[in-house]
Amino acid sequence: MSNRGEQSLLKQSTILMLAVSIAGIATGFVSGSQSILFDGFFSLIATFIKVLMLITAKLIAKQSNQRFQFGFWHLEPMVLLIEGSFLLLIAIYAFLNGVFGIVNGGREIELGLVIIYAAVFTVVEFAYFFYVRHRNRKLKSSLIQFDNISWLVDAMLSVGLLISFLAALLLESQGYGEWAKFVDPLILIVLALTMLPPAFKILGPALRDVLGIAPDTLDEQVREVMEAAKVEHGFDDYVSYVQKHGRARFIEIHVVLPADYRLQSVGQLDELREEISAKLGKPDAARWLTISFTGDRKWIA
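Residues numbered from 1 in each chain as written. Predicted model: local features only at pLDDT ≥ 70, side-chain atom pairs only at ≥ 80, totals over all residues. Heavy atoms only, no water.

The chain has the name Cation diffusion facilitator family transporter in an unreviewed UniProt entry, where Pseudomonas fitomaticsae is given as its organism. Quoted straight from UniProt, the Sequence similarities (unreviewed entry) entry for the chain says "Belongs to the cation diffusion facilitator (CDF) transporter (TC 2.A.4) family. FieF subfamily." Taken verbatim from the UniProt record of the chain, the Subcellular location (unreviewed entry) comment is "Membrane". (UniProt positions renumbered as here; feature names shortened; annotations may be inferred.)

As structure tokens, this is what we get:
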């Protein structure tokens, strides 16, 4: 399985996110802005997650080995679960930090520097988000799709920072400098709340995959195909199992043939497999399909 395009884009995304995190942390320390510092540390965590995603993409490309005979597909939802968990934890931390900042009387920051930072990275991060989304229309990688969420979140953070710091500058210019001190902790609270939906968007599917919960859509598709095949070919019964790990779909079907089923050759069973496989959709490297036939119900129990 070749995923060079996926790996190349993940490498590019990792390097760029590292540069963004360094700029954010440096600007946060110089300006005294906790929200900018938070943005930088968020980007740093996102960089480490991207490294894990890149390693996962490389392992998936190997398909399998003696130890992992079903491949490395299970690592994909695990990495996404780590990313979603980090997003959730950092959102909780930011919210509490913002609340304590308001309770302690706000913070004074260097507005000129942080406005330039927020304006530059709003443009850069939105531009890169749309670039990656365009590239992924061809690659159709779930890793890149979820990885790109971090760029959207970062871009939203930058927009929020820009609007809020401009508001603080306006307050200062109008003689309300004491209120401007509360802008930075208020931004932290708002940013924390806006990060919750992306975190749950990643956590939900990843948690289902890690726990091995059968995907409803795939399960219904398999049952519809097999119910039709049961009627058409006179099968006695069947049982099916489905599971999903990241982009990999595992489908196992066991069919009970009647005692008087007219079987002329083994090739006839392979033709049935081909027919069922085609009705389940176009096969690809991420689909593991097993179809077995028996005349004894005990083998499907």
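For the rest of this paragraph, the subject is the packing of aromatic side chains. The geometry of an aromatic ring pair is captured by the separation of the ring centres together with the interplanar angle, meaning the angle of the planes. Inspection of every chain in the model, using the stated rule, returns eight aromatic pairs. Measuring from centroid to centroid gives 5.1 Å for Phe129 and Phe130, while their planes differ by 70°, and the two rings are edge-to-face. Taken together through their ring pairs, the aromatic side chains of Phe126, Phe129 and Phe130 make up a single cluster. (Phe/Tyr/Trp six-rings, centres within 6.5 Å; stacked < 30°, edge-to-face > 60°.)

Moving on, we get to the packing of helix α1 (residues 4-31) against helix α5 (residues 142-173). Axis angle and axis distance: for two packed helices, these are the angle between their axes and the distance between the axes, and together they describe the pair. At a minimum axis distance of 11 Å, the contact between α1 and α5 shows a crossing angle of 20°. Classed by the angle they form, the pair α1 and α5 counts as roughly parallel. In terms of crossing hand, the pair formed by α1 and α5 is left-handed. Side by side, α1 and α5 meet where Glu6, Leu9, Leu10, Ser13, Leu16, Met17 and Val20 of the first sit next to Leu143, Ile144, Asp147, Ser150, Trp151 and Asp154 of the second. Residues belonging to the contact of α1 with α5 are distributed by class as follows: eight nonpolar, two polar and three charged. (Axes fitted to C-alpha atoms, helices over the stretch in contact; angles between N-to-C directions. Helix = DSSP H or I, 4+ residues; strand = E, 2+ residues; numbered from the N terminus. Parallel < 35°, antiparallel > 145°, perpendicular 65-115°, else oblique. Left-handed = near helix turned anticlockwise from the far one by under 90°. Contact = heavy atoms within 4.5 Å. Nonpolar A, V, L, I, M, F, W, Y, C, P; charged D, E, K, R; others polar.)

What follows covers the UniProt feature "transmembrane region" (unreviewed entry) in the chain. Using the residue numbers shown here, the UniProt feature "transmembrane region" (unreviewed entry) corresponds to residues 12-30, 36-57, 78-103, 109-131, 151-170 and 182-200. For the annotated span residues 36-57, helix accounts for 100% and strand for 0% of the residues, and the straight-line distance between the end C-alpha atoms is 31 Å. Secondary structure across residues 182-200 divides into 95% helix and 0% strand, with the first and last C-alpha atoms of the span separated by 29 Å.

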